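# Structure at a glance
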Amino acid sequence: MPNRSMGNPRTEWERMSKTIPFYIGQSVPRREDRRLLLGEGAFISDKKLAGMVHVAIARSQYAHATIKSVDLSAAAASEGVLLALCGADIKDILPPISGMQVAAPKKWRDGMDPDIHIPDQTLIPHDKVRYVGEPFALVVADNRYLAEDAVELIVADLEPLTPVPNAEAALLDNAPLVHDHLAGNLAASLHARKGDGAAALGAAPHRLRRRFDHHRYAAMPMECRGVVADYDVRTDSLTVWSSTQVVHWVRREVATALGMPEERVRVIAPDVGGGFGGKGHVYPEDILIAYLARRLRRPIKWIEDRHEHILNAAHSRDYVLDVEVGFDDDGRILAVNNSFLVDSGAYSPVGAAIAGNSVVHFLGPYDIPHYEADCKMMLTNRTPNAPYRGAGRPEVAFAMERTIDLVANALDLDPAEVRLRNMITADQMPYKVGLVYRDGVSIEYDSGDYPKALRTALEELGGLEAFRDRQRKALAEGRYLGLGLGCYVEGTGIGPFEGATVKIDPSGKIVVAVGACPQGQGHETAFAQVAADIWGVPIEDVFVSVADTSQVTMGYGTIASRSAVTASGAIQESSDKVKEKVFAIAGNVLEASESDLELRGGRIGIKGVPEMSMTLKEVAKAAQPGWIHQRPEGIEAGLEGTAYYEPPTVTWSYAANAAIVEIDTDTGQIRIERYVEVHDAGTLINPAMADGQVRGGLVQGLGGALFEQISYDDQGQLLVGSFMDYLLPTASDVPPITVIHMETPSPLNAFGFKGLGEGGAIAPPVVIANAVCDALKPFKAEINATPVRWETIAAILGHDIANETA
């Protein structure tokens, strides 16, 4: 499974002493791996504290039901139980979590014309349950086994209500209300336009309209969620350990709910076994466990099992899109109208962020002058919907990239050629899209060469004409080969900010703390590479702390393909503050002007005078407070700086994907012969880690394309409960993958970085659908829904599935 890089550009800031090697751009071994491979990782379930007690949660078996009563008496009297409570016990004590954990600026609202009714999320409801798996009571006991046993003794009188099983049902005039205080089931509507789509569609020589369905699935990390909390009576402070991507968000919500100063709440994310967006917001359990720790004055632990995760951890995707496109005889797309529904579930923890992503990413890498989008997020009796790797982009990439193939088929053109005719070219960069991003800034694709990426992907598969010739020969032999393409762009490195603290401690080592929260990405390594290059020191002299609110006062977290850009920017700005002090103190000691000094080989020295220099350790000693310091007047003691990097707007990554498949006409099975992604995330910090990120995303995308699905019946009952019926891709399902990195530096930050983490997962569903349709073109195959199942293919081939599987 090869990977290649098409260049590793350097930027101006790197022009410093070469006595220390450059680290950015090098595949430095991950420093996290040693402890993980030796079994020395510390995950949330590993956390053990003296006197710790455990929580088990009673969850609804109904999709929609009134809570008539909850009898806790038998559970409370059970062996080892310290406390049993339900929603009625805390409804006047703990407020709900805000339904808008991610808020957007006014300029975004002006550009999206939003109508938002997103409800807050009650920690434990007292009036009614709104989805299968929603908590209605909990038990605290001496151990998990006793807690689980006690939960079984809770007697709840739940009166079933008519459910709202999906987004289309939620739209009906007579639909039951998921939230009784709202006028309807509309959580939010968004609307955006550029040009005059209606007029352009009316004037277009050709029009095409289709419905696309992107199914519901979710992040399934190796480690489920979990929370541990410990209350210190003496200091009236809480320490919370959470398997989360956003420690500062958790601190904010815990402090708000408990009426505590944020400085009295410390939140730590230990080693986290995967997140992928599913751990990227605050859940009720984060607050409940902290509350229980303070109430009982005992350390409290809750660990989610896999069944709970499938029931209650946020799901994702679940779109229905109606798309109309106008185009000319050459396949040039003139206008697109996109009207889509999002099944938000019972709540929408990150507000309208996913839907907003979808609205502005629909056009992808194409130069389309007229566009209109209308989105409705609907409240239903399903598990809440929140970001999963890609976050609103896979859904619209599926619709747009299928549409392009349909346009090509209508005109008897090759889908690759239609893409190239519509793509924004390198000489159009930077390209103004005409829409507003969710940071409130008008979208401008900053850099890249989209046609080159697509051509490179095709060349890696042997070339378009060579494949078409091979396809024709295979068809003559009764074999069905197909080529699937999928291209996308991704706004990355979004604000509002990220925080970092950089200091040089008395040993002369560089100590970096960032607000980012890794879940396997390799942040400790990547940020050490960045800091080592900024300071010109060996990477072994850099120590990185992550995911701890005590280390950085304000932080945002690791979501939305943002940490490489935002945390590195904060490290750079923090370092700049420290460098000012370092140069001032060194100049005072060396009796030289600061302008005559330079960093070289981990020392501060006078330019052109090799013997006149100081180590960072010596500068740190001179910076200390006391009678014998060597600081010039006006320079405060210590070498430490904190900064909060606020990116001007997002950077734009992109990729072209191509795959060859062969269809087994006897079974309908798909064999993926090869898969190629040409990806551009700007300057890469660590190519090996970047390659792993893209590959991992591709495999998750293939899982969504072929296997993974969260299904409900018409009563809102979840039809999957374990990995027995929620299928994940295994090693045998992964085809040969080639990843090619183009590395066009972004002009929007000093390093040229763009975001990377989500990209791989975006295109595979549509690539596989397009490839299957291309292979089965003689059957006029048209697959406009995911996942792409063998049953669908068998039906296209004319098999009688019911009789043949009987």
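The structure this text deals with has already been given above.
Quick look at the structure, then. (Residues numbered from 1 in each chain as written. Predicted model: local features only at pLDDT ≥ 70, side-chain atom pairs only at ≥ 80, totals over all residues. Heavy atoms only, no water.)

## So, the overall build of the protein chain
Each helix and strand in the protein chain was counted, giving 22 helices and 30 strands. With respect to the three principal axes, the spread of C-alpha positions in the protein chain is 90 × 70 × 50 Å. Buried positions account for 62% of the 806 residues belonging to the protein chain. Roughly 29,800 Å² of accessible area belongs to the protein chain as shown, and the carbon and sulfur atoms make up 51% of that amount. For the protein chain, the distance from the average site of its 76 positive side-chain charges to the average site of its 106 negative ones is 3 Å. (Helix = DSSP H or I, 4+ residues; strand = E, 2+ residues; numbered from the N terminus. Buried < 20%, exposed > 50% of the residue type's maximum accessible area, 1.4 Å probe, protein only. Areas by Shrake-Rupley, 256 points an atom, 1.4 Å probe, with all protein chains shown as cover. Lys, Arg positive; Asp, Glu negative; His and termini not counted. Charge placed at Lys NZ, Arg CZ, Asp CG, Glu CD.)

## Observations concerning the packing of helix 12 (residues 393-411) against helix 13 (residues 415-422)
At a minimum axis distance of 8 Å, the contact between helix 12 and helix 13 shows a crossing angle of 110°. Classed by the angle they form, the pair helix 12 and helix 13 counts as roughly perpendicular. As helix 12 packs across helix 13, the resulting crossing turns out to be right-handed. Residues E401, I404, D405, V407 and A408 of helix 12 lie in contact with helix 13, whose contacting residues are P415, V418 and R419. Partitioned by chemical class, the residues of the contact of helix 12 with helix 13 number five nonpolar, no polar and three charged. (Axes fitted to C-alpha atoms, helices over the stretch in contact; angles between N-to-C directions. Parallel < 35°, antiparallel > 145°, perpendicular 65-115°, else oblique. Left-handed = near helix turned anticlockwise from the far one by under 90°. Contact = heavy atoms within 4.5 Å. Nonpolar A, V, L, I, M, F, W, Y, C, P; charged D, E, K, R; others polar.)

## Some thoughts on empty space enclosed by the protein
One pass over the structure, following the stated rule, counts eight cavities of 30 Å³ or more. Put simply, the largest cavity is a space of about 70 Å³. What lines the largest cavity is a set of 13 residues, among which H361, G364, A397, C487 and Y488 lie closest to the centre. It is helix 12 that provides the largest number of residues to the lining of the largest cavity, a total of five residues. Residue classes in the lining of the largest cavity are distributed as nine nonpolar, two polar and two charged. Roughly 60 Å³ of volume is contained in the second largest cavity. Taken together, Q121, Y131, H281, V282, Y283, P284, N312, A313, A314, P349 and P384 form the lining of the second largest cavity. Looking at the lining of the second largest cavity residue by residue, the class counts come to eight nonpolar, three polar and no charged. (1 Å grid on protein atoms, 1.4 Å probe; cavity = no way out; pocket = protein on both sides within 12 Å on 5 of 7 lines; lining within 4 Å. Points joined across faces, edges and corners; volume = space filled by probe spheres on them.)

## Quick notes on the packing of aromatic side chains
Under the counting rule described, the total for this entry stands at 15 aromatic pairs. One aromatic cluster is present, built from ring pairs that chain together Y431, Y437, Y445, Y450, W652 and Y654. The cationic tip of K579 hangs over the ring face of W535; the distance from NZ or CZ to the ring centre is 5.6 Å. (Phe/Tyr/Trp six-rings, centres within 6.5 Å; stacked < 30°, edge-to-face > 60°. Lys NZ or Arg CZ within 6 Å of the ring centre and 35° of its normal.)

## What about the pattern of salt bridges?
Two side chains carrying opposite charge are able to pair once their charged atoms lie near each other. All told, the structure shown has 50 salt bridges when counted by the stated rule. Here R207 ties to E324 by a salt bridge, and the two come within 2.8 Å at their closest N and O atoms. A residue pair is termed long-range when its members are at least 10 positions apart, and R207 in strand 10 (residues 206-217) and E324 in strand 15 (residues 316-327) qualify at 117 residues. Here the residues in one salt-bridge network are R59, R144, E148, R225, E285, E304, D305 and E308, joined through shared partners. (Salt bridge = Lys/Arg side-chain N within 4 Å of Asp/Glu carboxyl O.)

## Structural notes on the sheet that holds strand 25 (residues 603-606)
Strand order in the open sheet formed by three strands is 24-25-26, with antiparallel pairing between adjacent strands. Two strands close off the open sheet at either side, each with one partner strand: strand 24 (597-600) and strand 26 (613-615). On average, each strand axis in the sheet is inclined to that of its neighbour by 25°, with strand direction left out of account. In the sheet, strand 25 pairs with strand 26 via three bridges, with the strands oriented antiparallel. By the bridge assignment, I604 is partnered in strand 26 with M614. Across the sheet, helix 17 (residues 563-590) touches strand 24, strand 25 and strand 26, and the angle it forms with strand 24 is around 115°. (Pairing = 2+ DSSP bridges.)

## Some details on the sheet that holds strand 2 (residues 53-59)
Strand pairing in a sheet is mediated by backbone hydrogen bonds. Such pairs are either parallel or antiparallel. Taken together, the seven strands give an open sheet; going across it, the order is 4-7-2-14-11-12-13, and neighbouring strands pair in mixed fashion. Lying at the two open borders of the sheet, with one neighbouring strand each, are strand 4 (81-86) and strand 13 (265-268). Neighbouring strand axes in the sheet, compared pairwise and without regard to direction, differ in orientation by 20° on average. When strand 2 meets strand 7 (residues 135-141), the two strands line up antiparallel, connected through six bridges. Bridging from a neighbouring strand, A56 pairs with V139 of strand 7.

## A short note on helix 13
The element helix 13 is extensively covered by neighbouring structure, given that six of its eight residues are classed as buried. Residues of helix 13 that are buried: P415, A416, V418, R419, L420 and N422. Here the buried face of helix 13 lies against strand 16 (333-345), helix 12, helix 14 (450-460), helix 15 (464-476), strand 20 (480-492) and helix 20 (764-775). Two or three places before A416, at the start of helix 13, stands the capping residue D414, its side-chain oxygen 2.9 Å from that residue's backbone nitrogen. (Polar contact = N/O pair within 3.5 Å; in protein donor to acceptor, adjacent residues only side chain to side chain.)

## Some thoughts on the pairing of strand 21 (residues 498-504)
For strand 21, the buried fraction is high: six of the seven residues fall into the buried class. Across six bridges, strand 21 lies against strand 27 (residues 640-645) in antiparallel orientation. Bridge assignment links V502 to a residue of strand 27, and that residue is G641. Where strand 21 meets strand 22 (residues 510-514), five bridges bridge the pair, whose relative direction is antiparallel. The residue of strand 22 that forms the bridge with I504 is I510.

## With respect to the environment of G39
Locating G39 in the fold gives a position in the loop between helix 1 (33-37) and strand 2. For G39, a relative accessible area of 63% translates into the label exposed. Considered as a pair, G39 and P538 are 499 residues apart in the sequence and their alpha carbons are 27 Å apart.

## Some thoughts on unusual backbone geometry
Here M429 and P430 are connected by a cis peptide whose omega angle stands at -10°. For the peptide bond that leads from G495 to P496, omega is 10°, which places it in the cis range. Along the polypeptide, P496 turns up in the loop between strand 20 and strand 21. The phi torsion at D113 lies on the positive side, around 50°, for a residue other than glycine. Structurally, D113 can be placed in the loop between helix 4 (106-112) and strand 5 (115-116). At D412, a residue that is not glycine, the phi angle is positive and equals roughly 55°. When you line up the elements, D412 lands in the loop between helix 12 and helix 13.

## So, the side chain of N770
Of note, N770 is situated in helix 20. Apart from the residues within four sequence positions on either side, N770 is in contact with E401, R402, D405, R419, L483, G484 and L485.

## A word on helix 5 (residues 144-151)
Note that an α-helix has 3.6 residues per turn; residues three or four places apart therefore point the same way. Among all positions of helix 5, only L146, A147, A150 and V151 are buried. For helix 5, the arc enclosing every buried residue in end-on projection is 140°, short of the 170-degree limit, so these residues lie on one face. Buried positions along helix 5 lie against strand 2, helix 2 (73-76), strand 4 and strand 7. Backbone nitrogen of Y145 and a side-chain oxygen of the N-cap are separated by 3.0 Å at the start of helix 5; the cap is N143. (Arc of directions from axis to C-beta.)

## Remarks on the environment of A416
Of note, A416 is situated in helix 13. Overall, the relative accessible area of 0% leaves A416 in the buried class. Measuring from C-alpha to C-alpha, the distance between A416 and L485 comes to 7.4 Å, with 69 residues separating the pair along the chain. With near-sequence residues (within four places) excluded, A416 lies in contact with L454, L458, L464 and L485.

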